[in-house]
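# Examining the three-dimensional arrangement
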Amino acid sequence: MPGTIKKYFPVFVLPTLLAFFLAFFLPFLMGIWLSFCNFTTVVDAEWVGIRNYVRAFSNEDFLRALWFTIRFTVVSVVSINLAAFLLALLLTRGIKGTNLFRTVFFMPNLIGGIVLGYIWMLILNGILAKFGVSLTYDPRYGFWGLVILMNWQMIGYMMIIYIAGIQNVPTELQEAAKMDGATGMQRLRYVTVPMVMPSITICLFLTLTNSFKLFDQNLALTNGAPSGQTTMLALDIYNTFYGRIGWEGVGQAKAVIFFIIVAIISFTQLVLTRRREVES
Amino acid sequence: MKQEKQQRKRRGIVWLCLCLAIMLLAGCGKKEEGSGTGESGNGGTNGSNGENTSTASGRVFYLNFKPESSELWEELAKQYTEETGVEMKVQTAASGTYEQTLKSEIAKKDAPNLFQINGPVGYQNWKNYCLDLSDTKLYGWMLDNTLAVTDGDGVYGIPYVVEGYGIIYNKEILERYFDLDDQQSGISTVEEIQSFETLKAVVEDMTAHKEALGIDGVFASTSFAQGEDWRWQTHLANLPVYYEFRDKGIGDADTLDLTYAENFKNIFDLYLHNSVTEPAMLGNKSVNDSMAEFALGRAAMVQNGNWGWEQIAKVSGNVVAETDVKFLPIYTGVEGEEKQGLCVGTENFFAVNSRASEADQKAAIDFLEWLFQSEKGKQYVTEKFGFITPFNTFEESEKPQDPLAQEVIRYMENPNLTAVSWNFTAFPSQTFKDKLGAALLEYTQGRKSWEEVIDVFRNEWAEEKRQIQ
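This part takes up the overall build of chain B. When helices and strands are tallied, chain B shows 18 helices and twelve strands. Contacts spanning at least 24 positions in sequence make up 73% of the contacts within chain B whose residues lie at least 6 apart.

Attention now moves to the overall build of chain A. A count of helices and strands for chain A gives twelve helices and two strands. Judged by the C-alpha coordinates and their principal axes, chain A covers about 70 × 70 × 30 Å. Out of the 280 residues belonging to chain A, those deemed buried represent 44%. Sequence separation of at least 24 residues holds for 70% of the intrachain contacts in chain A that already meet a minimum separation of 6. Split by element, the accessible area of chain A, about 14,900 Å² in all, is 71% carbon and sulfur. Counting 20 positive and 13 negative side-chain charges, chain A places the averaged centre of each group 6 Å from the other.

The next thing to look at is the domain arrangement of chain B. Residues and elements named next belong to chain B. Taken domain by domain, chain B holds domain 1 (60–162 + 346–394) and domain 2 (165–343 + 408–467). Taking only C-alpha atoms into account, the centre of domain 1 sits 30 Å from that of domain 2. At the junction of the two partners, domain 1 supplies eight residues and domain 2 supplies ten residues. Buried surface at the junction of domain 1 and domain 2, summed over both partners, amounts to about 780 Å²; 64% is from carbon and sulfur atoms. When the buried area of domain 1 at its contact with domain 2 is split by residue, Val121, Glu347 and Ile388 rank highest and sum to 51% of it. Run the count over domain 1 and domain 2 and you get zero salt bridges. Put simply, domain 1 and domain 2 have zero residue pairs in polar contact (both at pLDDT 80 or more) between them. Across the side of domain 1 that touches domain 2, the residue classes break down as four nonpolar, three polar and one charged.

Take the confidence of the model for chain A next. Taken as a whole, chain A shows an average pLDDT of 89; of its residues, 99% reach a score of 70 or greater. Confidence, expressed as mean pLDDT per element, reaches its minimum in chain A at strand 2 (residues 45–47) of chain A with 86 and its maximum at helix 3 (residues 60–90) of chain A with 94.

On any regular strand, side chains alternate: one points to one face of the sheet, the next to the other face. All names here are of chain B. Burial along strand 3 (residues 114–117) is two-sided: Leu114 and Gln116 facing one way and Phe115 and Ile117 facing the other are all buried. As defined by bridge partners, strand 3 adjoins strand 11 (residues 349–352) across four bridges and the pair is classed as antiparallel. Paired with Leu114 across the two strands is Val352, which belongs to strand 11.

Here we take up the environment of Val334 of chain B. Residues and elements named next belong to chain B. Within the fold, Val334 resides in the loop between strand 9 (325–328) and strand 10 (340–345). On the basis of relative accessibility, which here comes to 6%, the residue Val334 falls in the buried class. For the pair Val334 and Pro240, spaced 94 residues apart in the sequence, the C-alpha separation amounts to 9.4 Å. With sequence-adjacent residues up to four places away left out, Val334 is seen in contact with Tyr243, Tyr260 and Asn263.

So, on to the interface of chain B and chain A. Between chain B and chain A, the residue contacts involve 40 residues of the former and 42 residues of the latter. Summed over both sides, the interface between chain B and chain A buries roughly 3,300 Å², with carbon and sulfur atoms accounting for 55% of that surface. Between chain B and chain A we count four salt bridges in total. Between Glu464 of chain B and Arg244 of chain A there is a salt bridge, and its shortest N-O distance comes to 2.4 Å.

A few words on helix 6 (residues 139–167) of chain A. A turn of α-helix holds 3.6 residues, and therefore any two residues three or four places apart point the same way. Residues and elements named next belong to chain A. Here helix 6 contains 29 residues, and its C-alpha end-to-end distance of 41 Å stays within 8% of the 42 Å for a straight helix at 1.5 Å per residue. Along helix 6, the sharpest kink reaches roughly 35°, centred on Met154. Between a side-chain oxygen at the N-terminus of helix 6 and the backbone nitrogen of Arg140 the separation is 2.8 Å; the capping residue is Asp138.

Turning our attention to the nonpolar core. By size, the foremost hydrophobic cluster in this structure holds 64 residues, and its most contacted members are Met301 and Phe457 of chain B. Each residue touching Met301 of chain B, except ones within four places of it in the same chain, is listed here: Ile167, Ile168, Tyr169, Leu174, Leu199, Val203, Val218, Phe219, Ala220 and Phe294 of chain B. If you look at the next biggest cluster of nonpolar residues, it comprises 40 residues, including Phe85, Val133, Tyr162 and Val169 of chain A.

Moving on to the pattern of salt bridges. All names here are of chain B. This structure, assessed with the given rule, holds 28 salt bridges over all chains. A salt bridge links Lys265 to Asp269, with the shortest nitrogen-to-oxygen separation between them at 3.0 Å. Residue Lys265 and its partner Asp269 are located together in helix 11 (residues 261–273), separated by four residues, close to a single helical turn. By relative accessible area, Asp269 is classed as buried at 14%. The partner of Lys435 in a salt bridge is Glu460, with the nearest N and O atoms 3.8 Å apart. One end of the pair, Lys435, is in helix 17 (residues 430–444); the other, Glu460, is in helix 18 (residues 450–467), and 25 residues separate them in sequence.

Another point: a negative patch on the surface. Taken together, the side chains of Glu175, Asp179, Asp181 and Asp182 of chain B define an acidic patch exposed on the protein surface. Mapped onto the secondary structure, Asp182 of chain B falls in the loop between helix 6 (171–178) and helix 7 (196–208).

What follows concerns the pairing of strand 11 of chain B. Residues and elements named next belong to chain B. Of the two faces of strand 11, the one lined by Phe349 and Ala351 and the one lined by Phe350 and Val352 are each fully buried. Where strand 5 (residues 154–159) meets strand 11, two bridges bridge the pair, whose relative direction is antiparallel. Among the inter-strand pairings, Pro159 is bridged to a residue of strand 11, identified as Phe349.

For the rest of this paragraph, the subject is the packing of helix 6 of chain A against helix 9 (residues 197–212) of chain A. All names here are of chain A. Remark: helix 6 packs on helix 9, axes separated minimally by 9 Å, with the N-to-C direction vectors making an angle of 160°. Considering their axes alone, helix 6 and helix 9 lie roughly antiparallel with respect to each other. Here helix 6 runs over helix 9; the crossing is right-handed. When helix 6 is examined against helix 9, the residues Met150, Met154, Tyr157, Met158, Ile161, Tyr162 and Gly165 are found in contact with a partner set consisting of Ser199, Ile200, Ile202, Cys203, Leu206, Thr207, Asn210 and Ser211. When its residues are assigned to classes, the contact of helix 6 with helix 9 shows ten nonpolar, five polar and no charged.

Residue and element names in this part refer to chain A. Under the defined criterion, the tally for this structure stands at 61 aromatic pairs over all chains. Judged by centre distance (4.9 Å) and plane angle (65°), the ring pair of Phe28 and Phe259 falls under edge-to-face. Note that Phe28 is positioned in helix 1 (residues 2–34) and Phe259 in helix 12 (residues 248–275), a separation of 231 residues in sequence. Under the relative-accessibility criterion, Phe28 is labelled partly exposed at 26%. Of the residues examined, Phe259 reaches a relative accessible area of 43% and is grouped as partly exposed. Judged by centre distance (5.3 Å) and plane angle (65°), the ring pair of Tyr238 and Tyr242 falls under edge-to-face. Taken as a pair, Tyr238 and Tyr242 lie in helix 11 (residues 233–243) at a separation of four residues, close to a single helical turn. Look at Tyr242 and you get partly exposed, because its relative accessible area is 26%.

Definitions and cut-offs
- Residues numbered from 1 in each chain as written.
- Chains lettered and ligands numbered in written order.
- Predicted model: local features only at pLDDT ≥ 70, side-chain atom pairs only at ≥ 80, totals over all residues.
- Heavy atoms only, no water.
- Helix = DSSP H or I, 4+ residues; strand = E, 2+ residues; numbered from the N terminus.
- Contact = heavy atoms within 4.5 Å.
- Buried < 20%, exposed > 50% of the residue type's maximum accessible area, 1.4 Å probe, protein only.
- Areas by Shrake-Rupley, 256 points an atom, 1.4 Å probe, with all protein chains shown as cover.
- Lys, Arg positive; Asp, Glu negative; His and termini not counted.
- Charge placed at Lys NZ, Arg CZ, Asp CG, Glu CD.
- Domains from an automatic or database assignment.
- Buried area = accessible area lost by both parts, 1.4 Å probe.
- Salt bridge = Lys/Arg side-chain N within 4 Å of Asp/Glu carboxyl O.
- Polar contact = N/O pair within 3.5 Å; in protein donor to acceptor, adjacent residues only side chain to side chain.
- Nonpolar A, V, L, I, M, F, W, Y, C, P; charged D, E, K, R; others polar.
- pLDDT = per-residue confidence, 0-100.
- Pairing = 2+ DSSP bridges.
- Expected span 1.5 Å × (residues − 1).
- Bend = angle between axes of the 7 residues up to and from the residue.
- Core = buried A, V, L, I, M, F, W, Y, C linked by side-chain atoms within 4.5 Å.
- Patch = residues over 30% accessible without salt bridge, like charges linked within 9 Å, V, L, I, M, F, W, Y side chains within 5 Å.
- Axes fitted to C-alpha atoms, helices over the stretch in contact; angles between N-to-C directions.
- Parallel < 35°, antiparallel > 145°, perpendicular 65-115°, else oblique.
- Left-handed = near helix turned anticlockwise from the far one by under 90°.
- Phe/Tyr/Trp six-rings, centres within 6.5 Å; stacked < 30°, edge-to-face > 60°.

Structure representation (structure tokens):
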């Protein structure tokens, strides 16, 4: 059998590999190259060295966006995972209508980011109007608006992953722990959590990267208002690229920095949580 | 023996799959090339590095800037192909995304050969792609050659439409106000409004009588939703810049003194405090909202340009009669402003792609000449697009008929008035406009003082001018 897999390797992998190379790897390399160039269109570039990187790092907007993104990511990763895990625990207890609840909680995830952003903008503005203000009044409103929106969208999805993990915890383990006199909290702490560690790894990874590279929701909900104080990294890159003539390269340089940051953070997280996973 | 057979079979499968994969990729490639082409099968495009060659006779591919007239352009393209046999396709960029779309479209093999730039600043970005049009008939037809975008001896952008903006008012509501018995301003005709002072007196008194007049506010909402603030950060901000440049006798500057900052505040405050909407709630309002408020008779005035007529007319439940839609200049309290006209200018300049094949370049120029000279072309321009053109090929009778365009022409032809030129084509960048817009929004919310807004205006101007050099 392993021999057969080896034999047919090129047949099954080559097309994907080719597509991956053309549609992902090549543009990626081109992007890195362009970050050292001055260009109007991607086929018309002129080498300028590290000038773009210097400009990117001396750009206040970029640093502010980075700080905003970090704050947002910390808050939303914690809140999404906590809420999703609690919901998953609740919905694996065999409560009546479990399936209905699971579906309902999962549904927000099926709506696109832009649409969600606009809908939540209307809702939040509607609420804030009672107090005579709007979302763009204070950066804090935009921040918490984004957190609420992100939670609403992601909790359902993470919940499904946690449910799958919890259902895979062998009942023998739970029963054995019960026999030994473990309380509910203890079983959660010493049986369930270690056993669903793989799900936690995935969920943390997904929420972390998704929060970090959030774009649509940010664009639709606040578009950086007021005065760019709720701009996240991806939106800032976009604004740099199109906001000033001759700054396309700087936008590209920011994108490369952005890639490196996301890669470092998510790899560290993967390594850290992987270590805590246990085999059943 | 058996192994050999198997091996051959395997090799066959590998080849088959490879072929399939290649076909698939080729298929994708072709599809991409044809996207946006409509039904025209445009074969024979090849080339590299953005240079493109096409069929010997050339074809026209226009990247349209105005989403509101996308259907008309499609229709026109079909007409043109029918009449001349030259292939033409039109692609329209979604509102506010022209630069983005152009950037990606022009890098493709099948690139647009006709596009538009928004003035001298836009030209800086696209100068590698703009063909010198000084030898074209189109340039020869221009009534005022100084309007074109030039660089040295070359002409790289030719304006195709002259537009005007000011304060659009509903004559019927104003007349009702003038007829009120207890009105305080002492002004009884629109003609008497010739300065900021009189405008302010009328507006404030109208606000005091808004119940009697049946309006919610004199001015429609000062829209500040995302991407909806261009009427303030671009159009209104043009006025202080215009007067400063006029005083200094220049057309562009690296730094601004903003000597007319107070005048900017005058008119902006007037808009805010006599509005349909509470200042703090303006962050949700779009231009469409404002135009609808005007069309439904909830507001008597709205600042916008002659392109706004279409929007007013389209609002369902529209109560404004065509004959009641008129323009007033934007008065800000500058000395001698009774001679000020509307803000008239253009930010729509045709440019021909210098990297297109020669046949395509010629096809694009031919199309432009057809559009502005032939009977049919001109009919589209004046009747359907409603453009006021800067060319001498149009007769007196061939002028657009919509009420706001008529008003713009009336103001332009009045020899006693000086039009305010569009100096925002020299505004340094989109980032500048966005930051000014954001500062104005914070001012409406009471989170920034006017001095801070002016600081943003001045500092960001200098900063952005420095950054793009």
